[in-house]
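Architecture and fold: a report
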Amino acid sequence: MRVDVDGVIVHLAEGASLLEAARLAGAELPTLCHDDRLTPAGSCRTCLVRSGGNVVAACVTPAADGTVVEVAADELRALRRDAVELIVSALPPRALDGGAEGGELARVCHELGITPDGARGRGGRGRDDSHPYVHLDRDLCIACGRCVRMCAEVQGTFALTLTGRGADTVVAPGTGGPWADSDCVSCGGCVDTCPTGALTEPGLPAGGRARISGRTRTTCGYCGVGCSLEVLTHDGEVAAILPDHDGPVNQGHACVKGRFAHGFLHSPERLTRPLLRRDGRLEPVSWSEALGHVARGLRAALAEGGPDAVAAISSARATNEENYLIQKFMRVAVGTNNVDNCSRLCHAPSAAGLTAAFGLSGGTDSFDDVERADCLLLVGANPVEAHPVVGARLLQRVLRGASLIVADPRAVGLALHADVHLRPRPGSNVALFNGLAHVLLAEGLIDDDFLRRRAAGLPELATLLAGYPPDRVSVLTGVPAEDLLAAARLYGRSERPAIVYGLGVTEHLHGTDGVRALTNLAILRGAVGTGRGFGVNPLRGQNNVQGASDMGALPDLLPGYAKVADPAARARAADVWGTPLPDRPGMRIPEMFAAARAGTLRALWIVGEDVCVTDPDATRVAEALEACPMVVCQELFLSETARRADVVLPAAAWLEKDGTFVNFDRRFQRVRPALDPPGEARTDFAIVHALASALGVDLGCRTPAETLAECGRVAPLFAGISHERLDREGAVPWPCPDPGRPGEASLYRERFATPDGLAHLAACPYLPPGETPDDRYPLILVTGRRWAHYNSGNMTRRTANLGLEAADRLDLHPADAARYGLGEGDPVTVRSRHGRATLITHLSDDVAPGQVFCAFHFPAAGVNTLTSGHADTVTSCPEYKVTAVRLIPGWDEAM
Ligand SMILES: Nc1nc2c(c(=O)[nH]1)N[C@H]1C(S)=C(S)[C@@H](COP(=O)(O)OP(=O)(O)OC[C@H]3O[C@@H](n4cnc5c(=O)[nH]c(N)nc54)[C@H](O)[C@@H]3O)O[C@H]1N2
Ligand SMILES: Nc1nc2c(c(=O)[nH]1)N[C@H]1C(S)=C(S)[C@@H](COP(=O)(O)OP(=O)(O)OC[C@H]3O[C@@H](n4cnc5c(=O)[nH]c(N)nc54)[C@H](O)[C@@H]3O)O[C@H]1N2
Ligand SMILES: [Mo]
């Protein structure tokens, strides 16, 4: 539609407001209650314009074709100035601090010529500084409600409200009491939108932006969502990290980790010099001494056991370029395929299961498609805590009408909003998914045409599913038959269903079967590969776990998922690398530890993974490191793993690095350095090159940009992606073979990438988990995540997040607590067949009776000494989600 703004004609989409028209015409209006991320409120009356003879608030007035809008007239300017002046009159003069360089209100006043004399408020309403990241100065609050709407409409936490009357109205936590005790999840949305500086974060007072010397756009280095962030720096330190409003996934949102948990960067415990073990103690040495030692150790290992006596664990925290270089080092400089990454502990079953079903090792669609889904099936994932920005977007979708089925033994955050919450016994997914498929088939809720044209395996599956009627599935899973029916009907009858899943599917003895049985549902329903829905999408974990695998940091796969065992694939890589490649697939992480214990692994290089804390059956991991003649650990901190290493190399963190990450929906995005690494710490990129030089090897790939370009020559999937293109376009999804064409966000529209072009149904029978409870170990322990801490906790424990969550706790049902004589906050010892952990109790019916839950973010608690060596039969992904345990009240020191 055409709109005339003071004689300037602008063209707008249906539904646009007069504010959008005015902005498009280049007019600047004060908009103190408006934020593009929120529904307009029209309450501050500062964006006044004239249209159709009336003076109206532009933000809430829709434009129509042919509308004429007056903006610039003096009289309108005066009205707007009066409105702002009235608001400012109630505030103390410091509300205008910073002027043109200050916050939004100060800038608006500067433009309108309103001076601090106009601010005549007496103040005296006080502050709330109880929260580590969100500070409230009530005297600066203008009750515009942006923070309240941000918390409701974007974050979905509904933690805030406006209280008081008239001029005394002020934002407050809905629970009353101090902010620190509220439901706030520290996403920072309220601070980000506040126009006045009433809400601020430490380090960045509203008027303090003048002190900012650097602004860097980068991608978050915590989880796999891939939020775009803007890093503000001053004097070589981070002043604040803000969400990028144009971020393709986060769209101006962020979470407690990416937004606030950067204090670790300047922790006095950061490693700043290489360390070498001498007489049993780690001592600081020069880089040349450390590298010389590693080179000698590698040569000795090669002499004793050949190339396969050396192995590397690459880092899903590091960039694509670093992962590419590490696998190239192993294959070219050492001559082995012994390289793996923490995808092994996480979504290796997704890679295997999705490849078998559809052909490629990634989610099937773009997360944006979720906005079109009318039914969400969320399985074994807790995005509210583990992927908060995704969790918030899913919740908003549900609040706007999509139906929601949650399948999780626990009442995770989104389960509160679910139409159906299925609570399967941990480890019973395959039975559950077969049960759902049984109902789809029995009730004809399948897409016959899709199945005929685009899928294989229906007869075999139908035969298997005959054995999974609701009654039997109910016995196997503990899920009532009527819930199963309700869920299958919701999923089966929706038009555009989406499956989103997490580790509750993969980290099991039959994790790959779980993924296959889950993909069956989408195939039966014809809800994948059509461009209509959101298909099947794993919420990948680490910031770059998708990328680490894409780059070939895997023992059986080269960059771009070409098989090591395939001579043609080897030849293509050998051609680019100028050397023949080892043809035998290498060891997976658990095999590396077993080889170390057996004495055949002579050197282990661990980059950015705290295996002594995060790998299962941690006592056995420590034994493996003990047995291995040389362990090299590349780290930010003296982690539990680094403590046991022979050489520790100080590494740069994501905010100090140049490169790219791939997020959970396969988007390549740029990572740019905002700071220099501390002391002598170096990027992993620089360290790998230095190690190669110490061995007399030149890996080429001078810069990260050159490295990604070389990767594109080895792996056609990524050939169209370059740093230069990402700098221009922001994000590009793979597959992207051609620099002139967009990447494929939604896969398989024409055909699946399997050899026969079909989606493959799988007939997987239910098999019990590896661990089962008995009289001695009667409870099932599920492990997973909490919102404030990240995996090993090495980073988040060194930030003010520690004030948000100070220890790992054990959630248990009040009935079980009563049985053990345990109350809230009591010390408790958890024992399994493998080890012992000490935790603090938390009573909650979010967990089912007979089940307990804890995270693994505090090494001192020892949670991963409990978990077993059982692992997915296809991919060796640990069975972290099922451990039989018993509880002993108190902290029992003896084993
Ligand atoms: N705050 C925070 N965020 C993180 C991380 C972190 O440590 N902290 N880590 C990142 C990483 S590496 C990853 S991989 C992701 C993981 O993200 P998620 O996969 O969401 O994480 P988890 O909490 O491990 O497990 C998800 C859920 O699986 C459920 N579950 C357990 N067993 C079963 C079962 O048999 N069936 C079903 N249906 N469900 C089951 C658990 O109850 C749990 O709620 O999070 C990433 N984001
Ligand atoms: N019980 C239980 N255990 C689990 C899980 C579970 O659900 N239950 N989940 C598993 C899963 S899914 C995962 S992914 C693993 C994660 O396990 P880890 O990968 O071990 O966990 P992180 O804390 O992410 O550890 C990464 C380490 O890398 C360091 N680091 C960070 N950035 C960089 C960098 O750029 N360079 C270098 N060199 N180092 C860096 C950090 O200081 C940290 O010590 O944990 C697994 N362990
Ligand atoms: Mo993970």
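Rules and cut-offs
- Per chain, the residues get numbers from 1 upward, laid out in the order the sequence is written.
- The lettering of chains begins at A and the numbering of ligands begins at 1, in the order of writing.
- The predicted origin of the model limits local features to residues at a pLDDT of at least 70 and limits the giving and counting of side-chain atom pairs to 80 or more, whereas totals for whole chains, interfaces and linings rest on all residues.
- The side-chain numbers reported here are obtained from all heavy atoms of the structure, hydrogens and water having been left aside.
- Under the scheme used here, helices are H or I runs from DSSP no shorter than 4 residues and strands are E runs no shorter than 2 residues, and both carry numbers assigned from the N terminus.
- For a helix, the expected span equals 1.5 Å multiplied by the number of residues minus one.
- In this description, contact between two residues means that some pair of their heavy atoms is separated by no more than 4.5 Å.
- For this purpose, a residue is taken to be near a molecule or strand whenever a single non-hydrogen atom of the residue falls within 4 Å of it.
- N or O atoms within 3.5 Å of each other form a polar contact, as long as, within protein, one can give a hydrogen and the other can take it, and as long as residues adjacent in sequence are counted only when both atoms are side-chain atoms.
- To be clear on the numbers: accessible area is Shrake-Rupley with a 1.4 Å probe, and residue cover counts the displayed protein chains and nothing else.
- Classes in brief: Ala, Val, Leu, Ile, Met, Phe, Trp, Tyr, Cys and Pro nonpolar; Asp, Glu, Lys and Arg charged; the others, Gly included, polar.
- For the domain bounds, the source is a domain assignment made automatically or taken from a database.
- By buried area we mean the combined loss of accessible area, with a 1.4 Å probe, across both parts when two parts are placed together.
- Salt-bridge detection follows one rule: a side-chain nitrogen of Lys or Arg within 4 Å of a carboxyl oxygen of Asp or Glu.
- The pairing criterion is simple: DSSP has to find at least two bridges between the two strands.
- For helices, the fitted line uses only the C-alpha atoms of the stretch in contact; every axis is such a line through C-alpha atoms, and the angle between N-to-C directions lies from 0 to 180 degrees.

Quick look at helix 2 (residues 74-89) now. Compared with an ideal rise of 1.5 Å per residue, which puts 16 residues at 22 Å, helix 2 spans 22 Å between its outermost C-alpha atoms and is within 8% of the ideal. Residues of helix 2 that are buried in the fold lie against strand 3 (48-51), strand 4 (54-57), strand 5 (68-70) and helix 3 (104-112).

The full set close to ligand 1 counts 35 residues, and Ala386, Asp408, Arg785, His789 and Asn791 are the nearest of them. One of the backbone nitrogen or oxygen atoms of histidine 789 is found 2.6 Å away from a nitrogen atom of ligand 1. Contact with the protein chains hides 99% of the accessible area of ligand 1, taken as 920 Å² for the molecule alone. Residue assignment for the shell around ligand 1 shows that the elements contributing at least two residues are helix 10 (383-386) and helix 17 (503-506). Split into classes, the residues belonging to the shell around ligand 1 amount to 14 nonpolar, 14 polar and 7 charged. Three or more residues apiece are contributed to the shell around ligand 1 by two domains, here domain 4 (359-538) and domain 5 (779-889).

Taken domain by domain, the protein chain consists of domain 1 (2-89), domain 2 (123-266), domain 3 (307-346 + 544-729), domain 4 (359-538) and domain 5 (779-889). Of the roughly 990 Å² buried between domain 1 and domain 2, counting both surfaces, carbon and sulfur atoms make up 51%. When the area that domain 1 buries against domain 2 is broken down by residue, the three leading residues are Leu32, Arg37 and Leu38, summing to 60%. For aspartate 192, the salt bridge is made with arginine 37, and the minimal N-O distance between the two is 2.7 Å. Our count for the contact surface shared by domain 1 and domain 2 stands at 10 residue pairs in polar contact (both at pLDDT 80 or more). Its residues assigned to classes, the side of domain 1 that touches domain 2 shows 6 nonpolar, 4 polar and 2 charged.

Think of it this way: side chains of opposite charge can pair up when their charged atoms draw near. Counted under the stated rule, the structure contains 52 salt bridges. Each of the salt bridges in this network shares a partner with another, and the network as a whole consists of Arg94, Arg125, Arg127, Asp129, Asp137 and Asp139.

Right, let's talk about the sheet that holds strand 12 (residues 228-234) for a bit. The strand order across the open sheet built from 3 strands is 11-12-13, with neighbouring strands paired in antiparallel fashion. Across the chains shown, the open sheet's two edge strands, defined by having one partner strand only, are strand 11 (214-219) and strand 13 (237-243). The mean inter-strand angle of the sheet, taken between neighbouring strand axes irrespective of direction, is 30°. Note that strand 11 and strand 12 share 6 bridges and pair antiparallel. In the sheet register, threonine 216 faces strand 12, and the bridge partner there is valine 231.

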